Amino acid sequence: MTPRAADRARYDRATAHLDAPLAVVDLDAFDANADGLVARAAGKPVRVASKSLRCRALLERVLARPGFTGVMAFTLEESLWLARSGFRDVLLAYPSVDRAGFAELARDAELAAAVTVMVDDPAQLDLVDAARGDGREEVRVCLELDTSLRLLGGRVRIGALRSPLREPAQLAELARSVARRPGFRLVGLMAYEGHVAGVGDAVAGRPLRSRAVRLMQSVARRELAARRAAVVAAVRGVAPELEFVNGGGTGSVQYTVAEDAVTEVAAGSGLYVPRLFDDFSSFAGRPAALFAQPVVRRPGVGVVTVLGGGYPASGAPGRDRLPVPYLPEGLRYDAREGPGEVQTPLVGPPADDLLIGDKVWFRHAKAGELCERFDRLHLVEGDRVTAVVPTYRGEGRTFL
């Protein structure tokens, strides 16, 4: 029996009393992946990206482990909810225009102490001030650095379109703007190198592309390390009490922590290890989050049809954004239909061994987006479900 076949047998036994569709998290794999992230972080704390988990119980589980500190959230509403739930260090990774949220933050000393907001434009400070109302609490602020790689005099850009702040002087000027303004305190700097942390460099069957990605990432890491160090020095010249410099992501942890200027790294997808993270040469994790769809039809020889399953991931459309049939091994999509809204035909030799009601296990292309489809996660240890916990959706929270 192959390791994957053994996993399928475990998951089928663990969920034999449950009807699909359903989602599971294999806690043995989840914990092993957490250990792997901590090892790669080499002593620097890992801040957990909540968008990659979208489950409070699992956020609490990983933050109880040595090596993990704090949450990186994705909306202000989520940040406040987590802070009210007892999470004491929440960094909002994206600028917000949530006026009601800022009013609440500025009125509540406990929330203001727990939440740090992201800023890359003075207009965002204006919005916070306009939303304060009678709130007078000091708002903690983090600045974001653009990490994109610019080539050929800037004519070629590689990296996400995020912050407009790129050079040390720009970051220092905004830092001075924060320092001059009553009601704000600059505490952090963030730089997310998504073109390194989130782009696989070992894509199966595409050796030339993989080599080009490795070359790009090598150049990008060197360029960013030098620029980030200069930016941190410039910002610390304005705010010497800076509490943290955050960088990285699951795919770049070991490279980012090697920079002296970085004090912590962010990661989240590396806990679930979705399909997109199979294409990295620098680390290997164990798939921990899966979903099962039931076989509901057998249209012919070598084909079965499961209920639903069309859960594409965000990003530029492509086959890499689709979930993949994982267990049993050897199933693939019908080229003319693909994964559908209400049904998904699957072809391949294993189809003839599947019966009506059997489960087919899938991996999502990305991590936390799976939880927008399910209101609960069944936590598996060995061949038993030992707990059932709500996702954000299961708690009635859909932040985006």
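Scroll up a little and you will see the structure.
Residues numbered from 1 in each chain as written. Predicted model: local features only at pLDDT ≥ 70, side-chain atom pairs only at ≥ 80, totals over all residues. Heavy atoms only, no water.

Draft legend 1. Inspection of the overall build of the chain at higher detail. A tally of regular secondary structure across the chain gives 12 helices and 19 strands. Computed over the C-alpha atoms, the radius of gyration of the chain is 22 Å, within 12% of the 21 Å expected from 2.2 N^0.38 for a compact globule of 400 residues. Overall, the chain is about 70 × 50 × 35 Å in size when its C-alpha atoms are taken along their principal axes. A burial count over the chain gives 53% of its 400 residues as buried. Long-range pairs, those at least 24 residues apart, make up 69% of the contacts in the chain with a sequence separation of at least 6. Summed over all atoms, the accessible surface of the chain reaches about 17,100 Å², with 53% contributed by carbon and sulfur. Charge separation in the chain, taken as the distance between the mean sites of 53 positive and 50 negative side-chain charges, equals 4 Å. (Helix = DSSP H or I, 4+ residues; strand = E, 2+ residues; numbered from the N terminus. Rg over C-alpha atoms; globule rule 2.2 N^0.38 Å. Buried < 20%, exposed > 50% of the residue type's maximum accessible area, 1.4 Å probe, protein only. Contact = heavy atoms within 4.5 Å. Areas by Shrake-Rupley, 256 points an atom, 1.4 Å probe, with all protein chains shown as cover. Lys, Arg positive; Asp, Glu negative; His and termini not counted. Charge placed at Lys NZ, Arg CZ, Asp CG, Glu CD.)

Draft legend 2. A look at the nonpolar core. Ranked by internal contacts, the top residues of the largest apolar core, which has 88 residues, are Leu58, Val141, Leu143, Tyr272 and Leu377. For this core, the element with the most residues is helix H2 (residues 27-41), which contributes six residues. What Val141 contacts, discounting residues up to four positions off in sequence, is Thr116, Val117, Val119, Leu125, Val178, Phe184, Arg185, Leu186, Val187 and Gly188. (Core = buried A, V, L, I, M, F, W, Y, C linked by side-chain atoms within 4.5 Å.)

Draft legend 3. The arrangement of the pairing of strand S9 (residues 184-191) in detail. The element S9 is largely enclosed, with a buried count of seven among its eight residues. Across six bridges, strand S6 (residues 139-144) lies against S9 in parallel orientation. Its bridge partner being in S9, Leu143 is matched across the sheet by Leu189. Inspection of the sheet shows S9 paired to strand S10 (residues 244-247) by four bridges, in the parallel sense. In the strand pairing of S10, Ala191 is matched with Gly247. (Pairing = 2+ DSSP bridges.)

Draft legend 4. Quick peek at the packing of aromatic side chains. Inspection of every chain in the model, using the stated rule, returns 14 aromatic pairs. A ring pair is formed by Phe74 and Tyr392, whose centres lie 6.5 Å apart and whose planes are at 25°; its orientation type is stacked. Of this pair, Phe74 sits in the loop between strand S3 (68-73) and helix H4 (76-84) while Tyr392 is found in the segment after strand S19 (384-390), placing the two residues 318 residues apart along the sequence. The buried category is assigned to Phe74, whose relative accessible area is 8%. Ring centres 6.5 Å apart and planes at 50° place the aromatic pair Phe277 and Phe283 in the tilted group. Aromatic rings pair up to connect Phe74, Trp81, Tyr392 and Phe399 into one cluster. When the ring centre of Phe283 is taken as origin, the NZ or CZ atom of Arg40, which lies over that ring, is 4.2 Å away. Its guanidinium or amino end placed over the ring of Phe74, Arg54 lies 5.0 Å from that ring's centre, counting from NZ or CZ. (Phe/Tyr/Trp six-rings, centres within 6.5 Å; stacked < 30°, edge-to-face > 60°. Lys NZ or Arg CZ within 6 Å of the ring centre and 35° of its normal.)

Draft legend 5. Region of interest: a nonpolar patch on the surface. Side chains of Leu151, Leu152 and Val156 sit close together on the surface and give an oily, nonpolar patch of about 230 Å² of accessible area. Summarising the element assignment, Leu151 is placed in strand S7 (residues 149-151). Accessibility expressed as a relative area gives 33% for Leu151, which makes it partly exposed. (Patch = residues over 30% accessible without salt bridge, like charges linked within 9 Å, V, L, I, M, F, W, Y side chains within 5 Å. Salt bridge = Lys/Arg side-chain N within 4 Å of Asp/Glu carboxyl O.)

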